[in-house]
Protein chains: 4
Amino acid sequence: MIKVGIVGGTGYTGVELLRILANHPDVKVDVITSRSEDGIKVVDMFPNLRGHYDLAFTVPDVERLASCDLVFFATPHGVAMRMAPELVACGVRVIDLGADFRIKDIDLWSRWYGMEHTAAALVEQAVYGLPEVNREQIRTAQMIACPGCYPTAAQLGFLPLIENGLVDTRRLVADCKSGVSGAGRGASVGALLCETSESMKAYGVAGHRHLPEIKQGLSIMAGRPVGLTFVPHLTPMIRGIHATLYSVLKDPNDGLQALFESRYAGEPFVDVMPAGSHPETRSVKGGNVCRISVFRPQDDDTVVVLSVIDNLVKGAAGQAVQNMNIMFGLDERAGLNQVGLMP
Amino acid sequence: MIKVGIVGGTGYTGVELLRILANHPDVKVDVITSRSEDGIKVVDMFPNLRGHYDLAFTVPDVERLASCDLVFFATPHGVAMRMAPELVACGVRVIDLGADFRIKDIDLWSRWYGMEHTAAALVEQAVYGLPEVNREQIRTAQMIACPGCYPTAAQLGFLPLIENGLVDTRRLVADCKSGVSGAGRGASVGALLCETSESMKAYGVAGHRHLPEIKQGLSIMAGRPVGLTFVPHLTPMIRGIHATLYSVLKDPNDGLQALFESRYAGEPFVDVMPAGSHPETRSVKGGNVCRISVFRPQDDDTVVVLSVIDNLVKGAAGQAVQNMNIMFGLDERAGLNQVGLMP
Amino acid sequence: MIKVGIVGGTGYTGVELLRILANHPDVKVDVITSRSEDGIKVVDMFPNLRGHYDLAFTVPDVERLASCDLVFFATPHGVAMRMAPELVACGVRVIDLGADFRIKDIDLWSRWYGMEHTAAALVEQAVYGLPEVNREQIRTAQMIACPGCYPTAAQLGFLPLIENGLVDTRRLVADCKSGVSGAGRGASVGALLCETSESMKAYGVAGHRHLPEIKQGLSIMAGRPVGLTFVPHLTPMIRGIHATLYSVLKDPNDGLQALFESRYAGEPFVDVMPAGSHPETRSVKGGNVCRISVFRPQDDDTVVVLSVIDNLVKGAAGQAVQNMNIMFGLDERAGLNQVGLMP
Amino acid sequence: MIKVGIVGGTGYTGVELLRILANHPDVKVDVITSRSEDGIKVVDMFPNLRGHYDLAFTVPDVERLASCDLVFFATPHGVAMRMAPELVACGVRVIDLGADFRIKDIDLWSRWYGMEHTAAALVEQAVYGLPEVNREQIRTAQMIACPGCYPTAAQLGFLPLIENGLVDTRRLVADCKSGVSGAGRGASVGALLCETSESMKAYGVAGHRHLPEIKQGLSIMAGRPVGLTFVPHLTPMIRGIHATLYSVLKDPNDGLQALFESRYAGEPFVDVMPAGSHPETRSVKGGNVCRISVFRPQDDDTVVVLSVIDNLVKGAAGQAVQNMNIMFGLDERAGLNQVGLMP
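Residues numbered from 1 in each chain as written. Chains lettered and ligands numbered in written order. Predicted model: local features only at pLDDT ≥ 70, side-chain atom pairs only at ≥ 80, totals over all residues. Heavy atoms only, no water.

Basically, it comes down to this: UniProt positions are given in the numbering used here, feature names are shortened, and annotations may be inferred rather than shown by experiment.
Going by what an unreviewed UniProt entry lists, chain A is known as N-acetyl-gamma-glutamyl-phosphate reductase and is assigned to Marinobacterium aestuarii. Under the UniProt heading Catalytic activity (unreviewed entry), the entry covering chain A gives this text: "N-acetyl-L-glutamate 5-semialdehyde + phosphate + NADP(+) = N-acetyl-L-glutamyl 5-phosphate + NADPH + H(+)".

Here we look at the overall build of chain A
This is how the line gets drawn: Only DSSP runs of H or I with at least four residues qualify as helices, and only runs of E with at least two residues qualify as strands; both kinds are numbered from the N terminus onward. Atoms counted for the radius of gyration: C-alpha only. Globule rule: 2.2 Å times the number of residues to the power 0.38. Buried means the residue's accessible area, taken with a 1.4 Å probe over protein chains only, is under 20% of the maximum for its type, while exposed means over 50%, and partly exposed covers the values in between. For this analysis, residues touch if any pair of their heavy atoms sits within 4.5 Å.
Within chain A, the regular secondary structure consists of 12 helices and 13 strands. Against the 2.2 N^0.38 benchmark of 20 Å for 343 residues, chain A shows a C-alpha radius of gyration of 19 Å, consistent with a compact globule. Projected onto the principal axes, the alpha-carbon positions of chain A cover approximately 60 × 45 × 40 Å. Relative to its full complement of 343 residues, chain A shows a buried share of 67%. If you take every contact in chain A between residues at least 6 apart in sequence, the share linking residues at least 24 apart comes to 71%.

Considering the relation of the copies chain C and chain D
Heads up, the rule is: The superposition of copies rests on a least-squares fit of C-alpha positions from residues with pLDDT of 70 or more in both.
Superposition of chain C onto chain D requires a rotation of 180° combined with a translation of 0.0 Å along the rotation axis, giving an RMSD of 0.0 Å. The operation mapping one copy onto its partner corresponds to a two-fold rotation axis. Here 100% of the interface residues in chain C have copies in chain D that are interface residues too; the copies meet face to matching face.

Some points on the sheet that holds strand S11 (residues 270–272) of chain B
Strands in a sheet are paired, the pairing made by backbone hydrogen bonds, and the direction either parallel or antiparallel. Residue and element names in this part refer to chain B. Heads up, the rule is: By this definition, two strands are paired if DSSP reports at least two bridges between them. Fitted lines through C-alpha atoms serve as axes, helices being fitted only where they are in contact, and the angles separating the N-to-C directions of these axes extend from 0 to 180 degrees.
Strand order in the open sheet formed by 7 strands is S8-S9-S7-S10-S13-S12-S11, and the pairing between neighbours is mixed. With partners counted over all chains shown, the strands left at the sheet margins are strand S8 (201–202) and S11, one partner each. Note: S8 against strand S9 (residues 228–234), 2 bridges, orientation antiparallel. By the bridge assignment for S9, Lys201 is matched with Leu234. Most of the contacts of helix H10 (residues 210–222) go to S9, to which it runs at about 135°, and overall it touches strand S7 (172–178) and S9.

Focus on the interface of chain D and chain A
Threshold: The buried area of a pairing is the accessible area, by a 1.4 Å probe, that goes missing from both parts when the two are put together, added over both. Whenever Lys or Arg places a side-chain nitrogen within 4 Å of a carboxyl oxygen from Asp or Glu, that contact is recorded as a salt bridge.
Facing 44 residues of chain D, the contacting portion of chain A comprises 44 residues. Between chain D and chain A, roughly 3700 Å² of surface is buried when both sides are summed, and carbon and sulfur atoms account for 57% of that area. Ranking the residues of chain D by area buried against chain A places Glu198, Met200 and Val205 of chain D at the top, with a combined share of 17%. Linking chain D with chain A are 6 salt bridges, by the criterion used here.

Here we look at the domain arrangement of chain A
All names here are of chain A. In plain terms, the rule: Domain start and stop positions are those given by an automatic or database domain assignment.
The domain boundaries assigned to chain A delineate domain 1 (2–125) and domain 2 (150–310). Of note, the centres of domain 1 and domain 2, computed from C-alpha atoms alone, are 27 Å apart. At the interface, 15 residues of domain 1 touch 13 residues of domain 2. A combined buried area of about 1200 Å² lies between domain 1 and domain 2, and 55% of that area is made up of carbon and sulfur atoms.

Here we look at the interface of chain C and chain D
Operational definition: In the scheme used here, Gly and all other residues not listed as nonpolar or charged are polar, with Ala, Val, Leu, Ile, Met, Phe, Trp, Tyr, Cys and Pro taken as nonpolar and Asp, Glu, Lys and Arg as charged.
In this assembly, 32 residues from chain C lie in contact with 32 residues from chain D. Both sides together, the interface formed by chain C and chain D hides about 2700 Å², and carbon and sulfur atoms give 60% of it. On the chain C side of the contact with chain D, Arg50, Val339 and Pro343 of chain C bury the most area, a combined 25% of that side's loss. Connecting chain C to chain D are 2 salt bridges. The partner of Asp271 of chain D in a salt bridge is Arg50 of chain C, and the shortest N-O contact between them spans 2.6 Å. Going through the elements one at a time, helix H1 (12–21) and strand S11 (270–272) of chain C are the ones with two or more residues in the side of chain C that touches chain D. Partitioning the side of chain C that touches chain D into residue classes produces 16 nonpolar, 9 polar and 7 charged.

Details of the environment of Ala316 of chain A
Residue and element names in this part refer to chain A. Within the secondary structure, Ala316 is located in helix H12 (residues 313–327). For Ala316, a relative accessible area of 5% translates into the label buried. Counting along the chain gives 253 residues from Ala316 to Glu63, while the straight-line C-alpha distance between them is 26 Å. Every residue in contact with Ala316, bar those within four places of it in the chain, is listed here: Thr13, Leu97, Cys146 and Asn311.

Overview of the packing of helix H8 (residues 149–163) of chain B against helix H11 (residues 256–263) of chain B
Residue and element names in this part refer to chain B. So the rule is basically this: Convention used here: angles under 35 degrees read as roughly parallel, angles over 145 as roughly antiparallel, angles from 65 to 115 as roughly perpendicular, and any remaining angle as oblique.
Packing of H8 against H11 leaves a shortest axis separation of 10 Å and a crossing angle of 110°. Between H8 and H11, the angle falls in the class roughly perpendicular. In this structure, H8 uses Gly157, Leu159, Pro160, Leu161 and Glu163 to contact H11, whose residues at the interface are Leu256, Leu259, Phe260 and Arg263. Residue composition of the contact of H8 with H11, grouped by class: 6 nonpolar, 1 polar and 2 charged.

Focus: unusual backbone geometry
For residues besides glycine, phi is generally negative; the peptide bonds are generally trans as well. Met342 of chain A connects to Pro343 of chain A through a cis peptide bond whose omega is 10°. Tracing the chain through its elements places Pro343 of chain A in the segment after H12. Positive phi is not limited to glycine here, since Gln298 of chain A has a value of about 55°. With respect to the element layout, Gln298 of chain A can be found in the loop between strand S12 (290–295) and strand S13 (302–309). On the accessibility criterion, Gln298 of chain A (40% relative accessible area) is partly exposed. Positive phi outside glycine occurs at Asp299 of chain D, with the angle close to 55°. Looking at the element boundaries, Asp299 of chain D is found in the loop between strand S12 (290–295) and strand S13 (302–309). With relative accessibility at 64%, the residue Asp299 of chain D sits in the exposed group.

Overview of the UniProt feature "active site" (unreviewed entry) in chain A
Mapped onto this numbering, the UniProt entry annotates "active site" (unreviewed entry) at Cys149 of chain A. Tracing the backbone shows Cys149 of chain A in helix H8 (residues 149–163).

Describing empty space enclosed by the protein
Operational definition: Points on a 1 Å grid over protein atoms alone make up a cavity when a 1.4 Å probe fits among them but cannot get out, and a pocket when they form an open set with protein on both sides within 12 Å along at least five of seven lines; lining residues each have an atom within 4 Å of a point. Grid points are joined across faces, edges and corners, and a volume is the space filled by probe spheres set on the points.
In the structure shown here, the tally under the stated rule is 7 cavities of 30 Å³ or more. If you trace the largest cavity, you find 19 residues lining it, with Ser197 of chain A, Ser197 and Pro236 of chain B, Ser197 of chain C together with Ser197 of chain D closest to the centre. When its residues are assigned to classes, the lining of the largest cavity shows 11 nonpolar, 4 polar and 4 charged.

A look at the pattern of salt bridges
Any two side chains of opposite charge can pair, given that their charged atoms come close. All names here are of chain B. In total, this model carries 84 salt bridges over all chains according to the counting rule given. For the salt bridge of Lys41 with Asp54, the shortest nitrogen-to-oxygen distance reads 3.4 Å. Placement of the pair is Lys41 in the loop between strand S2 (27–33) and helix H2 (42–45) and Asp54 in the loop between H2 and helix H3 (62–65), with a sequence separation of 13 residues. Judged by its relative accessible area of 65%, Asp54 falls in the exposed class. Linking Arg291 and Asp271 is a salt bridge whose minimum nitrogen-to-oxygen distance equals 2.5 Å.

Thoughts on the relation of the copies chain D and chain A
When chain D is fitted to chain A, the residual RMSD is 0.0 Å, and the transformation amounts to a turn of 180° plus an axial shift of 0.0 Å. A shared binding surface is used by both copies, with 100% of the interface residues of chain D retained as interface residues in chain A.

Quick look at the structure:
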């Protein structure tokens, strides 16, 4: 059994890790931390887990965490960069679900996240945990930066087009819609049911922290810097991201469906839908799947890709477990067999 | 492997059976029927199941179904009573998720369901599939009548009070709130999002088909006919039933919490919450659990029991699988390890 | 024009007052206060009001408020009792939408609200602003305690039964379901969309602050203390209260429909539905109406009353404006002509 | 008083017309038709209107309708084109909320709507009822084709950019999100709460009937045919459209905010938000307003316009009433003072 620690267990990605790991055949969660809930039993906070865990939250303690085989950080940015270096030095493998190790350009990270980075060396060493792109490096990585939710949906949707040089990468558009759980479990007026239900709005149009992450990923695929307009929207639902991606073909191309199917043929968690299908976010609710469709409306030169994930699963905790499975040589699907809850 | 057939696979209880059975270690779904979708692949209708099933719907055919070890009916009332007798005669075991075999009094059934019953003998033979009451009979049953969703929540909540003779059974009140999936997947104006979202209403106050079923169950527990006022409400959510149950103690009693805990101590799927807790339906979303709390507000003689289930799981497909597990001597929990999806 | 001040304009009852008063023909909102938003324009906080108001929030100032004809308090409990006495002394009329002046028994109030009351004399003088019961006293009142949302729905539903002595008042049951806006606009984890959507739960079963208020009102109607079990539930919607009320007839009675129709015949804002109807909360969304149905299921002796309101309108801001209209001799319907938003 | 008839009163645009007209000072609804609900009282079907209407639905009868000053068609496509010519011939003014008279190219209309057009001459005569573009022609029009919901949001958002020739019109993108009420009040599986709640999906990516309507409008603005990719999405809410519009500037431009403000300065129902604001659909819920923001993210050459409306109001019934007000020389705002319901 892999002995796992979770730092920051009271947010939505933390409890989602617990949900997924509850049925993982090769994992034992040994420690889960929370400064604010020290001593509280996990199941008293999250009664859906009753019968599955007997743990209580404890204050984060590096020594105790160092006894784990793997530590997940399900924390706001700024936490993992302070604790991960010591754990890595102890030989612990680390998967950060937060943003600290995603951006390779430290200055760029600091501008977008508004703080100094304190673990630049570990950023360099960290592998960006998108298995569909970096599976080989993930196998041997000690430090994984798990991708953000929007970046996962957007990159998987653009990937076949960009890595094959089919579209003009100067003006890509990612119009993305997220459920409210992306805003986290913190108390805030903006995420109240009465403020978000029965309404739709864009936010961060002038600039959102996932923009540099998506651009970095797409630029690596393209082999050159890309231009991207990214508009996130808050959607009145709990879970789910729907990315609608627009790009312009350089040359006429009738083979996009085949291209997507072939690119993702061996991928356990990317599902290219039949031509003409419109994936729904609910089809992946609770499951670690990215469903993708590709269209060329009116047979014109604009390509529209639809890419849906559950932001808490393939966009966070599920992808983290997928990375863990790869790192520890397990079946990549272990513990990730949940079927989307529909209806 | 148990070879399973499902009659009526396009409704919500049908697709929920498929979701649960997709990860059941001892089951193979061999045939799934639908008159209207004959030849359509299951995953084309329910894309959440993509990667899990390669079946197509077929027109119901008794001969083919008779080759199964077990047939589930996930059909509207009136269907199972026509097909089940022949299957039972062939030695197939049958679990009806519909209403045909729940009411022992055939005339009463006919009045509430508005049709003649055509399988009275099989009604007599059928076991009411509430494991917490009838587990022993279920083991050897060939025909199971799976309880309705409201009846499951209401009976499990009242059970410890009534079987111990603690409350006045002449005027019980069951105020129940259900998500919209209880209305099924048929096209109807009344279940449109625009008609049900952002609203709450009672329905069927003058009389609802689950009333005689609940009264029958409670009367058996009480050993005499009970009086019950049952008011169902439509709640703007997909899944979940919250039963709020009112009864009056015959004598002062401070031991209700202990009584409930003791009654359900060995039950794998009934969870008595700590004193003072309020169970939320989301804590059982997708899981086969009934969570219960008991209160005596202001230390008065009125007892309030809160009982929550997922109407599609413990209120339908999950309970059906639980029955199957018992009937076939499997671990009662097999395939039923889903943790409630929260958030 | 009536010159109006609003203390506490950033909560949901405050912005609802602004919405309603925006189209009131006889009112000018002159001052609106908020400590936290001092200097912020109302429309920057509530863009639905753009084009209707040019006001900014200011810090509460009794001198400035004293220049108004009427001051509404849309504040948490504890605020109005500190400021209202001075305003009343200045001759200003006051309507408190909060809880400070609702309970006549000061000790009882202190126990439930956990603080000393500092304006006992004004409590005595205050008129409970339920027009269907106290219209005459409201006309000349200087200080109005506007009823709570649950108490409005529950009292209007029980009123005809109790004031006519038809039911056993020792064991009344009020099973009430509220939208999340009842929890207010404060930042709290418990009211997040991700915590309340797609779920139903009871809360405060052991005791809720509206219990003594409802009991007080029903006891006055009955002429003696009543016994009441009150269970509030949080429902996944923004607005609306659905009260389901249970009581037992002392004697057989076939005239309940006629009784309710006759009792409320002249009431502009109570609508008795045709026999057999089930009122939906959405039918009153945004409107100042209480819709009521009465049933005697199975012709038995238990009476079920269904009573729905919009908690922010007839349960708060609309009822406050209705009181204002009565106090100032206006048409009671002035400014209250909004039709429920359906769908 | 303007004597009004409504053909097709049982759909969502019909009941919304009734809601708005209930408080219109200059209108009397004289007849409302429905084949299926002949004889049923309007308030029995739509209880939110109780106390406002005493009408019953009647079978459509041209003679009776011809006695009206104005007839609204709130019908599926194909109905108005059969009845409107006769009414127009009788001198009645007609506003069609449906699609029959929106597309000037009859062949194009027939291809998209799958039927022959039977009133080509009246199409030619009809004025496209977007007051911000065609106010002068609307004044004297006898036949108005009221714009679709998506086309209203999209055209108002693009208008200032295109009529001033600022953007490349060869590759415009309109990514639009609609509430479920856009799907109408017909019984359909696809619009059930259980199918649409807690999910987001695109639909009609290969082609949607509003595409040719939007292209026609934008092409008239541009003075030449435009290229447009239009992707509609179904959003889990009842009301609201959020259009996110992408275009590329021909030349650098820092004056977009001023341009939008100036273009819409005199418009009663278009509200340009302060720079940097993100309009929410709920801010216009129930109100006849289009709120717009304009961004140039990262100061690049891509312009993002956010445009929100209530699809049933400014996208249908409200805009129809606005047209009526203009046609009959009333204050354009008459009856359209509803403030957005927020929360």
